[in-house]
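Geometric and topological summary
Here is how the chains run, residue by residue.
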Amino acid sequence: MEQYIQGQSRDLVDQAYIKFIGVMFATLDKIAQTDPKYADIILLENYAAFQNSLYDLANVVPTLAKFYHQASESYEQACTRHISMIIYYQFERLFQFARRIEDLMYTITPEEIPFQLGLSKMDLRKVVKSSLSGVDKHIGAMYKKLQKNLTSEELLPSLWDKCKKEFLDKYDSFAQLVAKIYPSETIPSVTEMRDILASM
């Protein structure tokens, strides 16, 4: 039917789309804000559903293509926030330790960092032991948390792949920091982490 709408009718239909979808997106944001704990899940599931339902029409109607891309960006932002929350929930101490090191690198030399309170080699060993012993259980818990909160099962595989990639990126940054600041210390390699994630 869309292909038969032209001229002034096309403008009216486009204006209706703009008004209707604008209200729909604003309402979705307000609904998500009412429950901050699940806000990102509400957003990512609804933006994904919007994209799935409009995929064919967005290729034909330029006005809808704009909203399709907006929904896609909003979906990615909600995914990123939710995945980061899941990763930090399971590995909070590890990545807080890394953040403290990164913050100090702006003010002191890397050689001085192991002598700062809470950042000694012993502190590193404690954090690595508490965070990475039984890492497969922590990673399994990330998957279960992701699975538990989703109502849309078809999103799980792609979200889990994003979660694994994001975790590996964060762990890679951590491993590089450790190699730079604590060169004599050994931690599980990124390859080992990749293998553990691949087995899950």
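Residues numbered from 1 in each chain as written. Predicted model: local features only at pLDDT ≥ 70, side-chain atom pairs only at ≥ 80, totals over all residues. Heavy atoms only, no water.

1. Quick look at the nonpolar core
Phe91, Met142, Leu159, Phe167, Tyr171, Phe174 and Tyr182 are the most contacted members of the largest nonpolar core, which has 59 residues in total. Those elements that provide at least two residues to this core are α1 (7-33), α2 (39-58), α3 (62-104), α4 (121-132), α5 (135-149), α6 (156-181) and α7 (190-198). Looking at this core, the element that brings in the most residues is α3, giving 15 residues. Setting aside chain neighbours within four positions, we find Phe167 in contact with Ile87, Phe91, Phe95, Ile139, Met142, Met193 and Leu197. (Core = buried A, V, L, I, M, F, W, Y, C linked by side-chain atoms within 4.5 Å. Buried < 20%, exposed > 50% of the residue type's maximum accessible area, 1.4 Å probe, protein only. Helix = DSSP H or I, 4+ residues; strand = E, 2+ residues; numbered from the N terminus. Contact = heavy atoms within 4.5 Å.)

2. What to know about the packing of α2 against α3
Packed helices, taken two at a time, are described by the angle between their axes plus the distance between the axes. For the pair α2 and α3, interaxial distance at closest approach is 8 Å and the crossing angle is 150°. Here α2 is positioned roughly antiparallel relative to α3, judged by the angle of their axes. When the axes of α2 and α3 are compared, the crossing they make is left-handed. Across the interface between the two elements, Asp40, Ile41, Leu43, Leu44, Tyr47, Ala48, Phe50, Gln51, Leu54, Tyr55, Leu57 and Ala58 from α2 touch Leu64, Ala65, Phe67, Tyr68, Ala71, Ser72, Ser74, Tyr75, Ala78, Cys79, Arg81 and His82 from α3. Looking at the contact of α2 with α3 residue by residue, the classes come out as 18 nonpolar, four polar and two charged. (Axes fitted to C-alpha atoms, helices over the stretch in contact; angles between N-to-C directions. Parallel < 35°, antiparallel > 145°, perpendicular 65-115°, else oblique. Left-handed = near helix turned anticlockwise from the far one by under 90°. Nonpolar A, V, L, I, M, F, W, Y, C, P; charged D, E, K, R; others polar.)

3. A short note on the packing of aromatic side chains
Applying the stated criterion across every chain yields a total of 12 aromatic pairs. On the basis of an interplanar angle of 80° and a centroid distance of 5.7 Å, the ring pair of Tyr88 and Phe95 is categorised as edge-to-face. Judged by centre distance (5.0 Å) and plane angle (80°), the ring pair of Tyr143 and Trp160 falls under edge-to-face. Placement of the pair is Tyr143 in helix α5 and Trp160 in helix α6, with a sequence separation of 17 residues. Take Tyr143: its relative accessible area is 29%, and that puts it in the partly exposed class. On the basis of relative accessibility, which here comes to 6%, the residue Trp160 falls in the buried class. Aromatic ring contacts, followed pair by pair, group Tyr88, Phe91, Phe95, Phe167, Tyr171 and Phe174 into a single cluster. Over the ring of Phe67 we find Lys66; its NZ or CZ atom is 5.0 Å from the centre of that ring. (Phe/Tyr/Trp six-rings, centres within 6.5 Å; stacked < 30°, edge-to-face > 60°. Lys NZ or Arg CZ within 6 Å of the ring centre and 35° of its normal.)

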